[in-house]
There are 2 protein chains.
Amino acid sequence: MFDSSCIFCKIIQGSIPSTIIKENEYVTVIENIAPKAPTHYLIIPKKHLIDVAQLTQADQQFGWNILKIAGEVAQEKKLSGFNLISNNGKSAGQSVFHLHFHFMSGKNLYSGEFKL
Amino acid sequence: MFDSSCIFCKIIQGSIPSTIIKENEYVTVIENIAPKAPTHYLIIPKKHLIDVAQLTQADQQFGWNILKIAGEVAQEKKLSGFNLISNNGKSAGQSVFHLHFHFMSGKNLYSGEFKL
């Protein structure tokens, strides 16, 4: 379930401290310690999954609860706009190889080169 | 299930043409007609859901299959790196109010101001 060398596994298990925003049986939402937006959380499954490409049917509850808890956090924090972003693979900018989604709000991410 | 004024509902129902990359019972993956990366797909649930904040437990299969099919597409297209991005709410850059995730590959999205 966990990888002893993974920083996110250590955070989930509590051996590295974090500020928990919300959690359930399958996922935890923590403050990003280096925020890039006024609100910047990380949504992390409580299983050492590498990335979205590795998800199988057996991981359904971990995957679904990432989206479900994102919606719950948005409602509870009364955030009418938010971006969910997952980088999968080193070439896509992933730096911690434990699946996670960035939850960001309060910043226009698309003021630069492209508009999605 | 569908909204007759929604462009993504029309695409799902086939009344507006699209290039389908992959689909299953719950979601469809199409080419973005205005790509912002060498690979740029849109993953769209086959139900008129507004955004992630609107998801409820009843939408589990729609939500889960977004992530599941993203992983399948990455494997089938042999894309080792990809970004999944969902903008929720006008203030976060959402322009079509039918839940969707951008699937992008082949471009460094974070060469500008911030690195996620």
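Provided above is the structure to which this section pertains.
All values reported here derive from a predicted model rather than from experimental measurement. (Residues numbered from 1 in each chain as written. Chains lettered and ligands numbered in written order. Predicted model: local features only at pLDDT ≥ 70, side-chain atom pairs only at ≥ 80, totals over all residues. Heavy atoms only, no water.)

Visitor: So what exactly am I meant to see when it comes to the pairing of strand E4 (residues 82-88) of chain B here?
Guide: Successive side chains on a regular strand alternate, one facing one side of the sheet and the next facing the other. Among the seven residues that make up E4(B), seven are buried, leaving the element largely enclosed by the rest of the structure. Going residue by residue along E4(B), you find B:Phe82, B:Leu84, B:Ser86 and B:Asn88 tucked away on one face and B:Asn83, B:Ile85 and B:Asn87 tucked away on the opposite face as well. Relative to E4(B), strand E4 (residues 82-88) of chain A runs antiparallel, the two being bridged by seven bridges. The residue bridging A:Asn87 from the neighbouring strand is B:Asn83, located in E4(B). Bridging between E4(B) and strand E5 (residues 101-105) of chain B involves three bridges; their strand directions are antiparallel. (Buried < 20%, exposed > 50% of the residue type's maximum accessible area, 1.4 Å probe, protein only. Helix = DSSP H or I, 4+ residues; strand = E, 2+ residues; numbered from the N terminus. Pairing = 2+ DSSP bridges.)

Visitor: When you look at the environment of B:Asn88 in this model, what are you seeing that I'm missing?
Guide: Position of B:Asn88 relative to the elements: it lies in strand E4. Setting aside anything within four residues of it in sequence, one finds B:Asn88 in contact with A:Ser80, A:Gly81, A:Phe82, A:Leu84, B:Asp51, B:Val52, B:Gln94 and B:Leu99. Among the polar contacts made by the side chain of B:Asn88, one reaches the main-chain amide nitrogen of B:Val52 at a distance of 2.8 Å. In this structure the side chain of B:Asn88 is engaged in a polar contact, spanning 3.2 Å, whose partner is the side chain of B:Ser86. (Contact = heavy atoms within 4.5 Å. Polar contact = N/O pair within 3.5 Å; in protein donor to acceptor, adjacent residues only side chain to side chain.)

Visitor: Explanation requested: the relation of the copies chain B and chain A in the structure shown.
Guide: A rotation about some axis, followed by a shift along it, carries one copy of the chain onto the other. Overlaying chain B on chain A yields an RMSD of 0.0 Å, the required transformation being a rotation through 180° with an accompanying axial translation of 0.0 Å. Overall, the copies show the geometry of a two-fold rotation axis. Same-surface contact between copies: 100% of interface residues of chain B are shared with the interface of chain A. (Least-squares fit on C-alpha atoms with pLDDT ≥ 70 in both.)

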